[in-house]
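Descriptive analysis of the structure
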Amino acid sequence: MASSRKSGRSRRSRGVRPHVSTGRDDKVSALLAQLEEEGVTRAKIGGFDVDGVLRGKYVSLAKLRSALSKGFGFCDVIFGWDSADVLYDNAKVTGWHTGYPDVQAVLDPTTLRRVPWEPGVVAMLCDFRDGSGAVGHPACPRSLLKHVVQSCESKGFQPKVGVEFEFFLFQETRDSLRSKNFSGLTPLDGGMFGYSWVRSGQDSALMRDIMEGMADFDIEIEGLHTETGPGVYEVAIAADSAVAVADKAALFKTAMKQIVHRHGLSVTFMAKFSEALPGCSGHLHQSLWQDGKNAFHDPKSAQGMSALMKQYIAGQLQLAQELTALYSPTINSYKRYVPGVWAPLVAAWGLENRTCTVRVIAPNDPKAARIEYRQTAADINPYIAIATSLGAGLWGIEKKLSLPAESKGDAGEGGPMAIPRTLHEATALLAKSKVARQILGAEFVDHYVRTREWEIRQFDRAVTDWERQRYFEAI
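To start, this report covers the structure provided alongside it.

Scoring rules and cut-offs
Residues numbered from 1 in each chain as written. Predicted model: local features only at pLDDT ≥ 70, side-chain atom pairs only at ≥ 80, totals over all residues. Heavy atoms only, no water. Patch = residues over 30% accessible without salt bridge, like charges linked within 9 Å, V, L, I, M, F, W, Y side chains within 5 Å. Areas by Shrake-Rupley, 256 points an atom, 1.4 Å probe, with all protein chains shown as cover. Salt bridge = Lys/Arg side-chain N within 4 Å of Asp/Glu carboxyl O. Buried < 20%, exposed > 50% of the residue type's maximum accessible area, 1.4 Å probe, protein only. Axes fitted to C-alpha atoms, helices over the stretch in contact; angles between N-to-C directions. Helix = DSSP H or I, 4+ residues; strand = E, 2+ residues; numbered from the N terminus. Left-handed = near helix turned anticlockwise from the far one by under 90°. Contact = heavy atoms within 4.5 Å. Core = buried A, V, L, I, M, F, W, Y, C linked by side-chain atoms within 4.5 Å. Pairing = 2+ DSSP bridges.

Right, let's talk about a nonpolar patch on the surface for a bit. A cluster of nonpolar side chains, Trp466, Tyr471 and Ile475, forms an exposed patch at the surface whose accessible area comes to about 390 Å². Classification of tyrosine 471 by relative accessible area gives partly exposed; the value is 37%.

So, in structure tokens, the structure goes:
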């Protein structure tokens, strides 16, 4: 089932579209009749938590009708536990003190799509509401992004975003991963084969299932290729409106885990799987449009960069340090912040410069002028990362910030604009950030800081394989 959103590109319709009718009940009835006619028997409905995990359930078409008409209850424990389903001991939005009640979930019909690998099943995403049901829940990432987009649109801009992910594939099942304790894994392919026709051709059946499966799941892939490393690939998801592309990016990671499972494989989107190999990036391509024109392009500028584009970049750079915890959410994220693995180490910008936090691309092209935000890795929650980078750029426009000098060549490391190197350091900066609360909301930032502080404490108490190997005999 294709979403009703358009990516701005011509593509064939996949699946049915909801009938247009007058009245909410009429629309719901028409849609359900259409689904039944096409042999749909059930739906998967749900939404994403702070860690980017899709939480949901199967429902009958009768329940889907009810949920579309009046929403449905969903236990708010999804905002009260971590990615391993361990309860936070410091959350305020929910907990034992609230009894973990239901939060209201409201389905977004524009996200309706078929699940190609599950015949007879459609999927739909929801937004979570607060206790009154009137506004977004303070811990709901999708509601957060919608809020930032609304702010952007109120200023007359329409954001356009594309997402790239790198990921590692392994000849492992979900069972073998755990039996091996996630170590000594066999990659899909051996050797270093960046942009390899040979390797992707040898894995052509898998490539076909990814490309066609994602297309039928309404995720338009512009490119898919091997990267340098054993079993590592990169995908480019076509640009779309900010919320639509965040949906697609978040669903891509979930869908990949299902598609590769059917091939007896596993995938990881960790920022840094191995100390011996480059990390997995999660770059965000961004531009603002106004009255049908790219507001980042100015033909009168020597470089083609509009004043608005410069202010947007300046905002992102000035806030990069205090917002890093939102871009780099895990302990592992910071293993990528080392020299020589294509991750920026200072807040800097440059024309076509891949060592910078912000790479300016094609500024003289009125259609393609954009930035590539390179600080983010594949472990991002797309809703949070896009909301944060977009909000930082809008803040720069609001403050009419001046763009610092361009970085040419290697942007380097260290100095006053150095990116935080640990989640502890990044979370402490976010906790003190007044601007973060201004652009993202105090309740969300407070909850997010608490979740990262919890994550840090879980790591601090862990005894790692590195420690055992280094100290067990020698000390």
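For the rest of this paragraph, the subject is the packing of helix α7 (residues 242-261) against helix α9 (residues 382-399). Here α7 crosses α9 at 145 degrees, and the two axes come no closer than 8 Å. For the pair α7 and α9, the sense of crossing is right-handed. Here Ala242, Val245, Ala246, Asp247, Ala249 and Ala250 of α7 come into contact with α9, specifically with Pro382, Tyr383 and Ile386.

Grouped together as the largest cluster of nonpolar side chains are 105 residues, with contacts concentrated most on Phe165, Phe167, Phe252, Met256 and Leu288. The residues touching methionine 256, leaving out its near neighbours within four places in the chain, are Phe167, Leu169, Ile210, Met214, Val267 and Phe269. With 29 residues, the next largest nonpolar core counts Leu31, Val40, Leu61 and Trp81 among its residues.

With that settled, the discussion passes to the pairing of strand β9 (residues 232-241). With nine of 10 residues buried, β9 is to be regarded as a mostly interior element. Here eight bridges tie strand β7 (residues 158-170) to β9, and the two strands are oriented antiparallel to one another. For phenylalanine 167, the partnering residue across the bridge sits in β9 and is tyrosine 233. Sheet topology places strand β8 (residues 221-226) next to β9; five bridges connect them, and they run antiparallel.

Below, the discussion takes up the pattern of salt bridges. Counted according to the given criterion, the structure contains 21 salt bridges. When the shortest N-O distance is used, the salt bridge between aspartate 49 and arginine 55 registers 3.1 Å. For the pair shown, aspartate 49 and arginine 55 are each scored as buried. Its salt-bridge partner being aspartate 209, residue arginine 208 comes within 3.7 Å of it at the nearest N-O pair. According to the relative accessible area criterion, aspartate 209 is partly exposed, its value standing at 28%. One network of salt bridges, in which partners are shared, links Asp108, Asp127, Arg142, Lys146 and Asp247.

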